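# Per-entry structural report
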Amino acid sequence: MDRTLAADLARLPDLLDATRRVAVEALATLDERAVVPAAPKAAEPEPLPEQGDGTESALAAFRARWEPRLSASAGPRYLGFVTGGATPAALAGDWLTAAHDQNSNSSMDGAGQDLERETVGWLRELFGLSEVHTGTFVSGATMSNTTGLAIAREWLGERLGVSPAEDGAAALGPVRVLSGAPHSSIAKALAFLGLGRSSLVRVPTLPGREAVDPAALDRALADTPGPAVVVANAGTVNTVDFDDLPAIAALRARHDFWLHTDAAFGAFAALSPEHAHLTEGLDASDSVCVDLHKWLNVPYDSAVQFTRRRDLQARVFQNAAAYLGPLGEHPDLVHLTPENSHRLRALAAWFTLRAYGRQGHREIVERNIAGARALGAALEEDPAFTLLAPVRLNVVCFTLAGAPDPRLGARLTALREAVSTEVFVTPTVYEGTAGLRAAFSNWRTTQADVRRAAHALRTAAREIA
């Protein structure tokens, strides 16, 4: 064994304790650290060491060279994208995931698969899905959407008497994928799956909304020769708008289509009695995407996909090798996603669900929704700002007030950069107007953080006016 490696093995408990102290300090100072540090000049890459000098030295180098440049994305005022943190239990589960280092894809070493299936069952219950849905962990919403659409592709083949998994996507001929306000990952998935970005057809949405117009979808399906795919939204990224899922599902009485629902973070509305109606009809979907490193507050990278047609899923992703587990009625996980290697992502989710239960995660969801409403109200009462859409759930979509201004984009960039040490928000465009988004999904965020974020935004708006 390499001499330095052997020395680290002998000191492993001390090294883990030193790492624990660095992690504890990083988490304890989230409130004081700049949310996004001022970007220093990019450092020149260092050469690969010929002879390493051990974990302790690497830890010191990390703290000096990289840690000061990391954002406080685990903290309560990182409101960009839709980014959760890691609850204490999820963090513990993730640490143990690395410690046990399981590749949980095979029944030949089956505890990981059993743990994942139990966790998927808990999540299915959390989101109000019936047992007809089976699920598997994947790396994020993009891979979840891709997996769901890959199953949809095979369903199209089933309807047409071919198998894209065997014969290639070209065997399908032209394909139409209909959606009102699809997330960018949908087009990416279609490109990856060989269906092509041009197969995505945008259907008109309701006036002033991002929700698809069911009547327009009905007409579009009537104009579509043969079977189609519909991508519904349970929470759009800009304004958290929800398609009318029961109305869309009812269209299957007249049209033949696969219903995939992108519920990356909107599925968590099911936890709140006030908002659970938004997810009614989710169970009617043929496949569902839910991202877990958003509102479940587990570390990156973690998501889950559900489907009613595990048989088609296995047809797409089956992998035949002597060292892999069987396909069978309950196929090993290796046969259900693009990944042969599959870390035990489920453990962090299992820990946080086991530790806090439905009620604990409901409290996070409802506190985040209250935070979004409070920030929206604070900005709405300030003449410097205009809300671009109502605060429907956990996202505030806003812009600077005033007449149309060709410099609006530059002013918003200046605003975003001016507040970045206090609060991080991301740019967007909504109905042709440049804006900013503040998305609440971190378990740490409180009303005090909302007030701090609102104060920073309002102060900066006055300064750049």
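Preceding block: the structure.
Residues numbered from 1 in each chain as written. Predicted model: local features only at pLDDT ≥ 70, side-chain atom pairs only at ≥ 80, totals over all residues. Heavy atoms only, no water.

Our focus in this paragraph is the packing of helix H2 (residues 12-28) against helix H3 (residues 55-65). Between H2 and H3, the shortest axis-to-axis distance is 10 Å and the interhelical angle comes to 15 degrees. When the interaxial angle is binned, H2 and H3 end up roughly parallel. Crossing geometry of H2 relative to H3 is assigned as left-handed. Across from Leu15, Ala18, Thr19, Val22 and Glu25 in H2, the residues of H3 making contact are Thr55, Glu56, Leu59 and Arg63. Per-class residue counts for the contact of H2 with H3 are 4 nonpolar, 2 polar and 3 charged. (Axes fitted to C-alpha atoms, helices over the stretch in contact; angles between N-to-C directions. Helix = DSSP H or I, 4+ residues; strand = E, 2+ residues; numbered from the N terminus. Parallel < 35°, antiparallel > 145°, perpendicular 65-115°, else oblique. Left-handed = near helix turned anticlockwise from the far one by under 90°. Contact = heavy atoms within 4.5 Å. Nonpolar A, V, L, I, M, F, W, Y, C, P; charged D, E, K, R; others polar.)

What follows is about the sheet that holds strand E11 (residues 433-439). Taken in spatial order, the 4 strands make up an open sheet running E8-E9-E11-E10, and their pairing is antiparallel. Each edge of the open sheet is held by one strand with a lone partner, namely strand E8 (385-387) and strand E10 (426-430). For this sheet, the mean angle separating the axes of adjacent strands, direction not counted, is 45 degrees. The sheet contact formed by strand E9 (residues 395-400) and E11 spans 4 bridges and is antiparallel. Counted as the bridge partner of Phe398 is Leu436 from E11. The sheet contacts of helix H14 (residues 408-418) involve E8, E9, E10 and E11, and relative to E11 the element is tilted by about 25 degrees. (Pairing = 2+ DSSP bridges.)

A few words now on the pairing of strand E4 (residues 228-233). Note on strand geometry: in a regular strand, side chains alternate between the two faces of the sheet. Among the 6 residues of E4, 6 are classified as buried, and the element is accordingly described as predominantly covered. Every second residue of E4 is oriented toward a common face, with Ala228, Val230 and Ala232 on one face and Val229, Val231 and Asn233 on the other, all of them buried. Of the pairings in the sheet, the one linking strand E2 (residues 177-179) to E4 comprises 3 bridges and is parallel in character. Within E4, the position partnered with Ser179 by the bridge is Val231. Sheet analysis places E4 next to strand E5 (residues 257-262), joined by 6 bridges and oriented parallel. The residue bridging Val229 from the neighbouring strand is Trp258, located in E5. Crossover handedness for the path E4 to helix H10 (residues 245-250) to E5: right-handed. (Buried < 20%, exposed > 50% of the residue type's maximum accessible area, 1.4 Å probe, protein only. Right-handed = clockwise from strand over helix to strand, strands pointing away.)

Okay, the packing of aromatic side chains next. What describes a pair of aromatic rings is the distance from one ring centre to the other and the angle between the planes of the rings. Overall, the coordinates contain 8 aromatic pairs when judged by the stated rule. Arranged with centres 4.7 Å apart and planes meeting at 35 degrees, the rings of Tyr78 and Phe424 form a pair that is tilted. Separated by 346 residues along the polypeptide, Tyr78 in the loop between H3 and helix H4 (88-100) and Phe424 in the loop between H14 and E10 bring together distant segments of the chain. Ring centres 5.5 Å apart and planes at 75 degrees place the aromatic pair Trp350 and Phe351 in the edge-to-face group. Note on Phe351: relative accessible area 23%, which makes it partly exposed. (Phe/Tyr/Trp six-rings, centres within 6.5 Å; stacked < 30°, edge-to-face > 60°.)

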